[in-house]
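# Notes for the structure review
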Amino acid sequence: MQIERIDFIALPVDNLARADEFYSEKLGLARNPNTSGDRWVEYETGNLTLALMEPEAFGGEFRKSGTAVALRVDDVAARREELEAKGVTFFGETIDSGVCLQAFFADPDGNPLILHHRYAPV
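A brief structural summary.

What counts, and at which threshold
- Residue indices begin from 1 for each chain and proceed along its sequence in written order.
- Predicted model: local features are reported for residues with pLDDT of at least 70 only, side-chain atom pairs are reported and counted for 80 or more only, and whole-chain, interface and lining totals are derived from all residues.
- As a convention, hydrogens and water are excluded, and side-chain values are obtained from all of the structure's heavy atoms.
- For our purposes a nonpolar core is just a set of buried Ala, Val, Leu, Ile, Met, Phe, Trp, Tyr and Cys residues, chained together by side-chain atoms within 4.5 Å.
- Exposure categories follow from relative accessible area, calculated using a 1.4 Å probe and restricted to protein chains: below 20% of the type maximum is buried, above 50% is exposed, and the middle band is partly exposed.
- Starting at the N terminus, helices and strands are each numbered in turn, a helix being any DSSP run of H or I of at least four residues and a strand any DSSP run of E of at least two.
- A pair of aromatic rings is counted whenever rings of Phe, Tyr or Trp (Trp by its six-membered ring) have centres within 6.5 Å, and the orientation is called stacked for planes under 30 degrees apart, edge-to-face for over 60 and tilted otherwise.
- Working rule for contacts: check all heavy atoms of both residues, and any pair within 4.5 Å makes them a contact.
- Two strands pair under a simple rule: DSSP has to find at least two bridges between them.
- Only C-alpha atoms enter the line fits that serve as axes; for helices the fit covers just the stretch in contact. Angles between N-to-C directions range over 0 to 180 degrees.
- Each polar contact in these results corresponds to two N or O atoms within 3.5 Å; when the atoms are within protein, one needs to be able to donate a hydrogen and the other to accept it, and residues that are neighboring in sequence are counted only if both atoms are side-chain atoms.

Turning our attention to the nonpolar core. Counting 23 residues, the largest nonpolar core has Y23, L27, L52, F105 and L115 as its most contacted members. Where this core is concerned, the elements lending two or more residues are α1 (16-26), β3 (40-44), β4 (49-53), β5 (69-72), α2 (76-85), β7 (100-106) and β8 (112-118). The element that contributes the greatest number of residues to this core is α1, accounting for four residues.

This part takes up the packing of aromatic side chains. A complete count under the given rule lists five aromatic pairs for this structure. The interplanar angle of 85 degrees and the centroid separation of 5.5 Å between the aromatic rings of F8 and W40 together place this pair among those described as edge-to-face. Taken as a pair, F8 in strand β1 (residues 8-12) and W40 in strand β3 lie far apart in primary sequence, 32 residues in all. With relative accessibility at 43%, the residue F8 sits in the partly exposed group. Using a relative accessible area of 21% as the deciding quantity, one classes W40 as partly exposed. Plain terms: the ring middles of W40 and F58 are 6.0 Å apart, the flat faces sit at 80 degrees to each other, and that makes the pair edge-to-face. You can see W40 sitting in strand β3 and its partner F58 sitting in the loop between β4 and β5, a full 18 residues away along the chain. Three or more aromatic residues link up through ring pairs in this structure, and these residues are F8, W40 and F58.

With respect to the element layout, P12 can be found in strand β1. Separated by 53 residues in the primary sequence, P12 and S65 place their C-alpha atoms 6.7 Å from one another.

This part is about the environment of R18. As for its placement among the helices and strands, R18 is situated in helix α1. Along the backbone, R18 and D107 are 89 residues apart, and their C-alpha atoms lie at a distance of 9.7 Å. Beyond its immediate sequence surroundings of up to four residues, R18 is in contact with P108 and D109.

Take the sheet that holds β5 next. Read across the sheet, four strands follow the order β5-β8-β7-β6 without closing on themselves; strand pairing throughout is mixed. Because the sheet does not close on itself, it has two edges, and the strands there are β5 and β6 (95-96). By the bridge criterion, two bridges tie β6 to β7 in an arrangement that is antiparallel. Pairing of D96 across the sheet is with L101, part of β7. Of the strands in this sheet, β7 and β8 touch α2, which is tilted by about 150 degrees from β8.

Quick look at the sheet that holds β4 now. Spatially, four strands are ordered β1-β4-β3-β2 in an open sheet, and the strand pairing comes out mixed. If you trace the sheet from one side to the other, it starts and ends with β1 and β2 (30-31), each paired once. Relative to β4, β3 runs antiparallel, the two sharing five bridges. Residue W40 lies in a different strand from β4, and its bridge partner there is M53.

A few words now on the environment of E44. When you line up the elements, E44 lands in strand β3. The spatial distance from the C-alpha of E44 to the C-alpha of L11 is 14 Å, given a sequence separation of 33 residues. Apart from residues lying up to four places away in sequence, E44 is in contact with A30, N32 and T49. In terms of polar contacts, E44 uses its side chain to reach the side chain of N32, at 2.8 Å.

Structure (structure tokens):
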């Protein structure tokens, strides 16, 4: 078997309408106009589709994700300030790893997110 690429990652949410508002309004992600929003909403990010879904709609049970999604931004400090002005709470200070800057926060359902900017080559 040869995997061609990863098409999407799905994040579980407890309230799809609230999550949709957060990802589109606060984060400014472009919603795929072909998703209905009834049970599943997709955002196109350029290299990977981020999908939000209510597990109950598919026979599952909601549990927040334990895996963080790193969102590449041009300027972590500026984007963090922008999100804080919109009421987003961050966990601790921005981290400088020596190759990138990272600022940790979560969506309204507790799914971990990271503002990320790599400034050094790997």
